[in-house]
Amino acid sequence: MRFFSQGEYFMIRRVARVSLLVVGVLLTCLSTSVPAAQITPQLMTVLERGAVAESVPIIVTFAAAEASEQQARPMGRSERSAFVRTMKARSQKRLEGIQDGLTQKHARQLRHLWLIDGAALDATPAEIEQLRQMPGIAAITLDETFVMPAVQMSATDNPTWNIERIGAPDLWARGYRGEGITIAVLDSGVNLAHPDLEGRWRGLAGDWFDPYGNSSSPYDFDSYHGTAVASIVVGGSAGGSAIGVAPGASIIAAKVFRDDGMASSSAIIEILQWVLNPGDDPDRAPHIVNMSWGFEDNADECLETLSGTYLLRQALQTVRAAGIAVIAAAGNSGPNPYTSTSPANFPETVAAGATDGNNRIAVFSARGPSACAGAGLFPDLVAPGLGVRAAGVGSSYRIVSGTSFASAHVAGAMALLMQAAAPLPVTEIENLLTLSAADLGAGGADDTYGYGLVNLPAAWDRAELLQGLVVTPERLDFAVVTAGEVAREVIDVVNISDAALHLEIDRAGIEEPFSLTENRCPDILEPEQACRMTISFTPVASGDFTGRMVVGDQNAAYPDVIIDLVGTGNMPPAKPALLFPEDGARLNG
């Protein structure tokens, strides 16, 4: 996927000249009692050129940047429902505040982006300046547009090699086909009439979302990219051979790309809102999200600066914090190193690279390391993505290639493990996949194959070894926190034994600046019951800090779990003192 250049973008819209005087006024910060909203560089470039459309697609954000930290805090199911209600209500009030300052036409076009505490609209330069001066608006960004990835065609002599390669039939034989797990396919759409997708649609109200308003029912178009992806995730064997990894799972879908092959940042954010609240019911949120697309023209960039794509990351952080696994295609920008693409290189996603029938990395598969701080390895995993059978147009089949389809394999594998290893949290399921992967290439994890090829039988074996209490994660790294500020991390605890466990928490190693600020775990944890605790880190000085916490069973039926706590405090730079002359004195100069 690539950004349109500004020139290409405005070739497809009616262009109107705006005088340099108007642009000069637009870019000048007027004297006001409130700070003017920030205009991002992408939008500034458009306005400075003096040739803008009659209206420009923009995204305005209301909240301060630090709000995203609160939204990224892990939350359980009940917390997710409360979060959706709170965010929608709070953002709605701010939305109403700016509607009064717009023309009726533009007020009607306003689209609510409550997930990022903002809104999308088309606005004239004069309206942008008006918005910029409104209290409560933090920033105005260009609503960037992107193009849909192409489907690469290839050939194969073995139509089921890919399903067998990751060991999916082994879990099927154990009775795990993905039943009870829902995957959201965010793509071009889906053709539910294909024989291998019949019966795979969850079918509840609101399970299809089209932010462009083209259709109230699922459909696909052009290359049927989304249909091919969906068939690899959950497809059956109507064509004589199995094409899907998790044929018992269900899908819901959203239309990322319009029928002209374009998508916008605001539409994707609307879709992620729907992911958290399909049918206006957070309890219907999917277990897994698959995104088989990326910004390949921006390889080796972490698109997290203030822009439409930055807002996309903010939205994804919240989706992941809500306990939903996010799988993304690594990108077809290889074979060179330093070609990671967003959103796959965001720490919140599981990045999937592509391999061929000989377990070699596909030449087109993007390589690491990740361009995003904190993400480290890239990709996370590899899966078949060169010469795999998938659903085509109508009732046809075709052989496809691309990391889009490797991502679909990982999403399907995640669904099988979620069923097989319930009620483990998403983080632990991700660990099962990465730590059991078959090592390829140079010994150990690397920036070509990641942790290795998805290996479902080995992941199952690893899950079988888990006993008693499963605590995730076993290390909390708070990184660098400015002295006086607070950072929070969540610990998930699950009882996977057949008997109730009497929890015992040893807090002796939790000393300042660490603290156990919230404990939602009962004294007795029933079989398959899960709970969580929140640890805070509030440094008051510079330095490296460590601590530990121990969670166990009072009856010592299972080994204790030790959680290491680490963090660094960083003193902010001192503000320069302002010196004033004594009364009656004169300043020199």
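All values reported here derive from a predicted model rather than from experimental measurement.

(A) Quick peek at the overall build of the chain. For the chain, the helix and strand inventory stands at 15 helices and 28 strands. In the structure as shown, the chain presents an accessible area of about 24100 Å², 50% of it carried by carbon and sulfur atoms.

(B) Looking closely at the confidence of the model for the chain. Residues with a pLDDT of 70 or more make up 85% of the chain, whose mean pLDDT is 85. Below pLDDT 50 for its whole length, residues 65-70 participates in 5 contacts with residues either more than four positions away or in separate chains. Ignoring residues within four places in sequence, the model shows residues 575-589, a span with pLDDT below 50, making 1 contact including any to other chains.

(C) Spatial organisation of helix α10 (residues 225-234). Burial analysis of α10 places 10 of its 10 residues in the buried class, which makes it a mostly covered element. Taken residue by residue, α10 has His225, Gly226, Thr227, Ala228, Val229, Ala230, Ser231, Ile232, Val233 and Val234 as its buried positions. Buried-residue contacts for α10 involve β10 (182-187), β12 (250-255), β14 (288-291), β18 (386-391), β19 (397-401) and α13 (403-420).

(D) Region of the structure containing the side chain of Thr434. Residue position: Thr434 is located in helix α14 (residues 426-436). With residues up to four places along the chain from it excluded, the contact list for Thr434 reads Leu381 and Tyr451.

(E) Seen up close, unusual backbone geometry. Residue Pro335 is bonded to the preceding Gly334 through a cis peptide linkage, with omega at 15°. Within the secondary structure, Pro335 sits in the loop between β15 (325-329) and β16 (350-355). Here the amide bond leading from Phe378 into Pro379 is cis, since omega sits at -5°, within 30 degrees of zero. Its identity as a non-glycine residue notwithstanding, Asp300 has a phi of 60°, on the positive side. When you line up the elements, Asp300 lands in the loop between β14 and α12 (308-321). In this model, Ala479 sits at a positive phi of 55°, which is unusual for a non-glycine residue. With a relative accessible area of 43%, Ala479 lands in the partly exposed category.

(F) Structural detail: the state of the cysteines. All told, the structure shown has 2 disulfides when counted by the stated rule. The disulfide bridge from Cys302 ends at Cys372, spanning 2.0 Å between sulfur atoms. A torsion of 100° about the S-S bond marks the disulfide between Cys302 and Cys372 as right-handed. Highlighted residues: Cys302 in the loop between β14 and α12 and Cys372 in the loop between β16 and β17 (381-384), separated in sequence by 70 residues. Among the residues examined, Cys302 registers a relative accessible area of 14% and is labelled buried. Residue Cys372 is classed as buried on the basis of its relative accessible area of 3%.

(G) Quick peek at the environment of Leu316. Residue position: Leu316 is located in helix α12. Assessed through its relative accessible area of 0%, Leu316 is described here as buried. On a C-alpha basis, the gap between Leu316 and Pro343 in space is 8.8 Å, while along the polypeptide they are 27 residues apart. Not counting the four nearest positions on each side in its chain, Leu316 is found in contact with Leu272, Met291, Val326, Pro343, Phe346 and Glu348.

(H) Quick peek at the nonpolar core. Core analysis: the largest hydrophobic core is formed by 62 residues, its most contacted members being Ile288, Val454 and Leu456. Of all the elements, α13 adds the most residues to this core, at 12 residues.

(I) Region of the structure containing the sheet that holds strand β6 (residues 118-123). With mixed pairing, the 5 strands of this open sheet are ordered in space as β2-β7-β4-β6-β5. Lying at the two open borders of the sheet, with one neighbouring strand each, are β2 (38-39) and β5 (111-113). Relative to β6, strand β4 (residues 56-61) is paired through 6 bridges, and the arrangement is antiparallel. For Ile58, the partnering residue across the bridge sits in β6 and is Leu121. Each of β2, β4 and β7 (139-142) touches helix α3 (residues 41-48); the most contacted strand, β7, lies at about 70° to it. The strands touched by helix α7 (residues 125-132) within the sheet are β2, β4, β6 and β7, with β6 carrying the most contacts at an inclination of about 150°.

(J) Layout of the sheet that holds strand β20 (residues 469-472). The sheet built from 4 strands is open, its strands ordered β20-β22-β26-β24 with antiparallel pairing. One side of each edge strand has no neighbouring strand; the edge strands of this open sheet are β20 and β24 (514-519). When the angles between neighbouring strand axes are averaged without regard to direction, this sheet yields 25°. As judged from the 4 bridges shared by β20 and strand β22 (residues 487-495), these two strands associate in the antiparallel manner. Bridge pairing in β22 places Val471 opposite Val493.

(K) Summary view of the side chain of Glu270. Within the secondary structure layout, Glu270 lies in helix α11 (residues 265-276). Assessed through its relative accessible area of 12%, Glu270 is described here as buried. Excluding its chain neighbours within four sequence positions, the residues that come into contact with Glu270 are Arg111, Leu113, Phe209 and Pro211.

(L) Molecular detail of the packing of aromatic side chains. Scanning the entire structure with this criterion turns up 9 aromatic pairs. Between the aromatic rings of Phe478 and Phe537, the centroid separation amounts to 5.4 Å while the plane-to-plane angle is 35°, which identifies the pairing as tilted. Remark: Phe537 occurs in strand β26 (residues 530-537) and Phe478 occurs in strand β21 (residues 475-482); sequence separation between them is 59 residues. Assigned by exposure class, Phe478 and Phe537 land together as buried. Taken together, the ring pairs connect Phe478, Phe514, Phe537 and Phe545 into an aromatic cluster. The ring of Tyr397 is capped by Arg389, whose NZ or CZ atom sits 4.1 Å from the centre of that ring.

(M) Main features of the environment of Val46. Among the secondary structure elements, Val46 is positioned in helix α3. Its relative accessible area of 1% is what places Val46 among the buried residues. Sequence separation between Val46 and Val56 is 10 residues; the distance between their C-alpha atoms is 9.0 Å.

(N) Region of the structure containing the packing of α10 against α13. Where α10 contacts α13, the two axes come as close as 8 Å, and the packing angle between them is 35°. The crossing of α10 and α13 is right-handed. Note on element contacts: α13 touches α10 through Ser404, Phe405, Ala408, His409, Ala411 and Gly412, opposite His225, Ala228, Val229, Ile232 and Val233. Tallied by class, the residues present in the contact of α10 with α13 amount to 7 nonpolar, 4 polar and no charged.

Rules behind the numbers
Residues numbered from 1 in each chain as written. Predicted model: local features only at pLDDT ≥ 70, side-chain atom pairs only at ≥ 80, totals over all residues. Heavy atoms only, no water. Helix = DSSP H or I, 4+ residues; strand = E, 2+ residues; numbered from the N terminus. Areas by Shrake-Rupley, 256 points an atom, 1.4 Å probe, with all protein chains shown as cover. pLDDT = per-residue confidence, 0-100. Contact = heavy atoms within 4.5 Å. Buried < 20%, exposed > 50% of the residue type's maximum accessible area, 1.4 Å probe, protein only. Disulfide = S-S within 2.5 Å. Core = buried A, V, L, I, M, F, W, Y, C linked by side-chain atoms within 4.5 Å. Pairing = 2+ DSSP bridges. Axes fitted to C-alpha atoms, helices over the stretch in contact; angles between N-to-C directions. Phe/Tyr/Trp six-rings, centres within 6.5 Å; stacked < 30°, edge-to-face > 60°. Lys NZ or Arg CZ within 6 Å of the ring centre and 35° of its normal. Left-handed = near helix turned anticlockwise from the far one by under 90°. Nonpolar A, V, L, I, M, F, W, Y, C, P; charged D, E, K, R; others polar.

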